[in-house]
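Below are the chains, spelled out letter by letter.
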Amino acid sequence: MVTRWRYFGAAIWVGLAGILPIALFAAPPPPPDLKLDISLRLDKSEFEVGEAIPLTVEIINHSETEYAVQTSTEETGALDGLVFAVADLTGKALPIPRTLPKAGNWIGAWYTIKRHDKHERKLFLNYWMMPPDPGRYRVQGAYNAQFNGTVDKGQRLVVRSAAIEFEIIPTTATKLDVRISRLSDQAEKGDALAVDFLGFTGVWQATDPLLEALYHEDQAIRRRAANALNFLPDPKAVLDACLAKLKTRGPNETLAEWLHFQGAPATALLPVYLRNVDAEDPVTRAGAVAGLRFCRDTTEAKGKYHNAIRAAVMEVLSDRDTRVRLEALQTLAADEDAQAAAALLAVTRKDSTARVRRQAALCLNDMRAEAVIPYLRELLLADYRLRPNFAAQLREIGSPQARGVLRDGLKSANAQVRAECAKQLWLLKDAAGKQTLVEVLRTGSAESQTDVVRFLEDVARAQPNNASRAADSTARTWADWLEKQQ
């Protein structure tokens with residue numbers, strides 16, 4: 001039997017038979033002189049139920065050349081190419097807890113391993129398994145070698161470790177209570193590892209301190225608390241406890257995301273979110289709007305609560321807190337209708353914060369419905385906005401109305417708008433676009449000519465069947481070439 005998990009967008013296949021041979025998708029072969037090995041080492045052979053299990057991974061370079069290994073602050077090792085599979089001695093794999101999508105703010109670097117030298121990475125095996133019951137287990141690791149510098153990044157080498165065994169032994173209720181109490185105190189003070197360790201205990205008593213950590217002022221702590229909840233037994237009871245906490249404390253973005261991934265019923269969530277969009281705390285308001293976004297595809301959000309959700313989101317577009325307005329933009333952009341597009345246009349033009357204005361423009365740029373076209377016309381032809389590329393968006397919409405806006409753009413008083421509209425029309429095989437590009441290449445400014453030449457070069461490179469242009473091609477030779485095209 002084969003099970004598939006996803007980590008950081010890479011698919012990982014783990015065979016569950018034998019000593020858990022691990023393999024990844026096929027890839028081009030690595031450099032022939034690259035010879036790596038990995039080994040695993042535990043600090044001891046026995047661990048109590050709920051105890052953290054430190055694991056040391058050694059990457060050994062047997063090559064005659066140096067090898068650069070990626071190292072980062074991401075706690076599981078997955079971002080750096082490591083994967084682990086744990087099973088009992090019958091070969092039954094322990095499931096890996098489900099976690100929220102990883103944040104993209106890890107700190108990383110490349111560490112050079114000299115020839116015949118090694119690099120150590122320390123982590124906790126608990127991230128890779130649900131808390132195990134007493135018994136004997138086996139773990140095997142694999143390293144997906146990553147290349148930096150001169151080697152093609154598409155090349156890959158997967159190195160497997162030997163399997164090692166360890167035992168989980170029972171502990172007393174008193175020792176477990178002491179551990180929970182100590183970790184709870186540390187988590188309250190913002191100790192991220194203590195939050196993780198609470199999840200590693202795998203006992204119900206960790207629920208309350210983790211729910212408190214879900215409301216910590218540090219968002220990183222909140223996310224780790226949400227993930228730690230997935231290590232606890234009885235997921236339904238954990239979900240019910242979170243819903244009860246939501247009703248008394250209100251939402252935040254992390255809790256709303258966790259409830260979404262757990263499949264919490266929209267009927268229990270939407271009234272709470274709507275009630276909190278005007279809460280005093282901006283974190284609560286942002287969480288309420290995020291929750292509305294996560295619920296947007298539910299039957300309830302599209303039916304009974306649709307008008308209330310729209311009214312609430314429109315109201316918070318003028319919220320005094322930037323985070324709340326940003327959440328509102330993402331929620332609004334899910335509905336590609338005229339009212340949503342008009343609101344996004346107004347924010348793009350008038351919001352007091354540049355970041356919010358940019359996000360509103362990006363949200364508009366993601367829309368592909370006919371209803372958005374009049375507002376793209378405003379941005380392109382009235383405001384002369386070229387970034388993000390609204391002309392390309394009109395080409396992708398491709399309707400007669402969208403083409404009409406692009407043709408009107410050929411008459412714009414702004415030379416850059418004329419050129420951009422001409423590019424998109426030419427890609428649509430519109431003769432008017434080709435003629436305008438030729439005019440720019442023959443009589444436009446040096447800057448405009450350079451821009452069009454680069455565009456044509458990019459198009460030529462993307463279409464290998466086209467005749468390639470010489471490196472010393474000029475605007476004039478490109479104009480001659482364009483005039484010959486059908």
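Residues numbered from 1 in each chain as written. Predicted model: local features only at pLDDT ≥ 70, side-chain atom pairs only at ≥ 80, totals over all residues. Heavy atoms only, no water.

Engineer: Can you break down the environment of Val 452 residue by residue, with the values?
Structural biologist: Along the chain, the position of Val 452 falls in helix H19 (residues 446-462). Discounting residues that sit within four places of it in the chain, Val 452 has contacts with Leu 437, Val 440 and Leu 441. (Helix = DSSP H or I, 4+ residues; strand = E, 2+ residues; numbered from the N terminus. Contact = heavy atoms within 4.5 Å.)

Engineer: Please provide a residue-by-residue account of the pattern of salt bridges, values included.
Structural biologist: Close approach of charged atoms lets side chains of opposite charge pair. If you walk through the whole model with that rule in mind, you get 36 salt bridges. Linking Arg 138 and Glu 165 is a salt bridge whose minimum nitrogen-to-oxygen distance equals 3.2 Å. Taken together, the positions of Arg 138 in strand S11 (residues 135-145) and Glu 165 in strand S13 (residues 164-169) put the pair 27 residues apart, joining distant regions of the chain. The exposure class of Arg 138 is buried, given its relative accessible area of 17%. (Salt bridge = Lys/Arg side-chain N within 4 Å of Asp/Glu carboxyl O. Buried < 20%, exposed > 50% of the residue type's maximum accessible area, 1.4 Å probe, protein only.)

Engineer: Describe the packing of aromatic side chains, naming the residues involved and giving the relevant values.
Structural biologist: For any two aromatic rings, the description comes down to two numbers: the centre-to-centre distance and the angle of the planes. This structure, assessed with the given rule, holds 10 aromatic pairs. A ring pair is formed by Phe 47 and Phe 166, whose centres lie 6.5 Å apart and whose planes are at 80°; its orientation type is edge-to-face. You can see Phe 47 sitting in strand S5 (residues 46-48) and its partner Phe 166 sitting in strand S13, a full 119 residues away along the chain. The two residues Phe 47 and Phe 166 agree in class, both being buried. (Phe/Tyr/Trp six-rings, centres within 6.5 Å; stacked < 30°, edge-to-face > 60°.)

Engineer: Describe the side chain of His 216, and please don't skip the residues or the numbers.
Structural biologist: Structurally, the position occupied by His 216 is in the loop between helix H3 (207-213) and helix H4 (219-229). At 3.0 Å, the side chain of His 216 forms a polar contact with the backbone nitrogen of Asp 218. (Polar contact = N/O pair within 3.5 Å; in protein donor to acceptor, adjacent residues only side chain to side chain.)

Engineer: Which residues make up the confidence of the model for the protein, and what values do they have?
Structural biologist: Here the protein averages 89 in pLDDT, and 88% of its residues register 70 or above. Across residues 1-28 the pLDDT falls below 50, and counting only partners more than four positions away or on other chains, this stretch makes 70 contacts in the model. (pLDDT = per-residue confidence, 0-100.)

Engineer: Please set out the pairing of strand S12 (residues 157-160) residue by residue, giving values where relevant.
Structural biologist: Residues Leu 157 and Val 159 line the buried face of S12, whereas the alternating positions Val 158 and Arg 160 sit on a face that is not buried. As paired strands, S11 and S12 are joined by 4 bridges and run antiparallel to one another. What sits directly across from Tyr 143, in S12, is Val 159. (Pairing = 2+ DSSP bridges.)

Engineer: Got a sec to walk through the nonpolar core? Specific residues and values, please.
Structural biologist: Looking at soluble globular proteins, one finds that nonpolar side chains tend to be buried together. Counting residues in each nonpolar core, the largest one holds 147 residues, and the members touching the most others are Phe 84, Leu 125, Phe 166 and Leu 259. The contacts of Leu 259, once residues within four sequence positions are left out, are Leu 239, Cys 242, Leu 243, Leu 246, Ala 264, Leu 269 and Tyr 273. (Core = buried A, V, L, I, M, F, W, Y, C linked by side-chain atoms within 4.5 Å.)

Engineer: Any chance you could break down the packing of helix H12 (residues 338-350) against helix H13 (residues 354-365) for me, citing the residues and the numbers?
Structural biologist: It is the contact of H12 with H13, at a shortest axis distance of 7 Å, that shows an interaxial angle of 145°. The interaxial crossing formed by H12 with H13 has left-handed handedness. Residue-level inspection shows Ala 341, Leu 344, Leu 345, Val 347, Thr 348 and Arg 349 of H12 in contact with H13, the latter providing Val 356, Arg 357, Ala 360, Ala 361, Cys 363 and Leu 364. Looking at the contact of H12 with H13, its residues break down into 9 nonpolar, 1 polar and 2 charged. (Axes fitted to C-alpha atoms, helices over the stretch in contact; angles between N-to-C directions. Left-handed = near helix turned anticlockwise from the far one by under 90°. Nonpolar A, V, L, I, M, F, W, Y, C, P; charged D, E, K, R; others polar.)

Engineer: I'd like a rundown of the packing of helix H15 (residues 390-397) against helix H17 (residues 415-427), residues and numbers included.
Structural biologist: Where H15 meets H17, the axes come as close as 9 Å, and the angle between the chain directions of the two elements is 25°. Relative to H17, H15 is oriented roughly parallel. Two packed elements cross with a definite hand, and for H15 against H17 that hand is right-handed. Contacts from Ala 391, Ala 392 and Arg 395 in H15 reach Glu 420, Gln 424 and Leu 427 in H17. A per-class count over the contact of H15 with H17 returns 3 nonpolar, 1 polar and 2 charged. (Parallel < 35°, antiparallel > 145°, perpendicular 65-115°, else oblique.)

Engineer: Break down helix H20 (residues 475-484) for me, with residues and values.
Structural biologist: Residue pairs spaced three or four apart in an α-helix point in one direction, given the helix's 3.6 residues per turn. Here H20 has its buried residues at Ala 475, Trp 478, Ala 479, Trp 481 and Leu 482. An end-on view of H20 places all buried positions within 160° of arc, on one side of the element. H20 presents Arg 476 and Lys 484 as exposed residues on the side facing more than 90 degrees away from its buried surface. Buried residues along H20 sit against H17, helix H18 (431-443) and H19. (Arc of directions from axis to C-beta.)

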